[in-house]
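Here are the chains, one letter per residue:
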Amino acid sequence: CLNFDNLMRKEQDMDYEIIRTKRKTVAISVSREQKITIRTPLKLSAREAECIINENSDWIKKQLHIMKERSENSIYSRLSECDIQFLKEKAKKVLHHRVSHYSEIMQAEPEGIKITSAKTRWGSCSAKNSLCFSWRLMLLPDDIIDYIVVHELAHIRVKNHQKQFYDEVRRYMPDYRERELRLKKIQREL
């Protein structure tokens, strides 16, 4: 169990969040939403975290610029409300069909399927085996959509990402690693 001590700081006009965990190293990340997070060991003081932010301010500013550009040039920023509504309706039809197809093959029946507007998750499986998928999946190739469906259905049997889980995915989709790599590449381009 991690002991989180989340703090929001502001340094040189940069808002950032400090997350303290049982880790040994410091990590700084900048999300697509241009949120700066610094993960630190439990004993690292807020002042030491601020020093690390200052020491890495050039890198952080560069990452913020990159993420801002990506956001402005993203396909999502060019979609109209009408486009989004069309993709949501398409997602309902396509994903229900794909889940039905693979759940029969895998003998893994979800409790329900919900279409969301999630920005950072393609799909999820709840503890009660209810599946959620982002309508944004409709911007991906069909074989990648199938990988995400199989991935989430596999969570009905195995709730983590341990070896047993990936063995389950591989059983129904032997080339899942290739699809996973392609998905990561596509994510960087979206």
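Refer to the structure printed above.
Rules used in this analysis
Residues numbered from 1 in each chain as written. Predicted model: local features only at pLDDT ≥ 70, side-chain atom pairs only at ≥ 80, totals over all residues. Heavy atoms only, no water. Helix = DSSP H or I, 4+ residues; strand = E, 2+ residues; numbered from the N terminus. Buried < 20%, exposed > 50% of the residue type's maximum accessible area, 1.4 Å probe, protein only. Polar contact = N/O pair within 3.5 Å; in protein donor to acceptor, adjacent residues only side chain to side chain. Contact = heavy atoms within 4.5 Å. 1 Å grid on protein atoms, 1.4 Å probe; cavity = no way out; pocket = protein on both sides within 12 Å on 5 of 7 lines; lining within 4 Å. Points joined across faces, edges and corners; volume = space filled by probe spheres on them. Nonpolar A, V, L, I, M, F, W, Y, C, P; charged D, E, K, R; others polar. Arc of directions from axis to C-beta.

Okay, the side chain of His 155 next. Along the chain, the position of His 155 falls in helix H4 (residues 142-157). The exposure class assigned to His 155 is buried, which follows from its relative accessible area of 7%. Side chain to side chain, His 155 and His 161 meet in a polar contact 3.2 Å long. Residues in contact with His 155, not counting those within four places in the same chain, are Cys 125, Asn 129, Asn 160, His 161 and Phe 165.

This part covers the layout of surface pockets. Its volume calculated, the largest pocket comes out at about 340 Å³. Taken together, 17 residues form the lining of the largest pocket, with Trp 122, Gly 123, His 151, Glu 152 and His 161 sitting closest to its centre. Mapped onto the lining of the largest pocket, the elements with two or more residues apiece are strand E6 (123-125), H4 and helix H6 (176-189). Ranked by the residues each element gives to the lining of the largest pocket, the list is headed by H4, at five residues. Residues that form the lining of the largest pocket fall into these classes: six nonpolar, seven polar and four charged.

Listed as buried for helix H1 (residues 46-55) are Ala 46, Ala 49, Glu 50, Ile 52 and Ile 53. Each buried residue of H1 sits inside an arc of 160 degrees when the element is viewed along its axis, so together they form one side.

Positive phi, close to 55 degrees, is recorded for Gln 107, a residue that is not glycine. Along the chain, the position of Gln 107 falls in the loop between helix H3 (81-106) and strand E5 (112-116).

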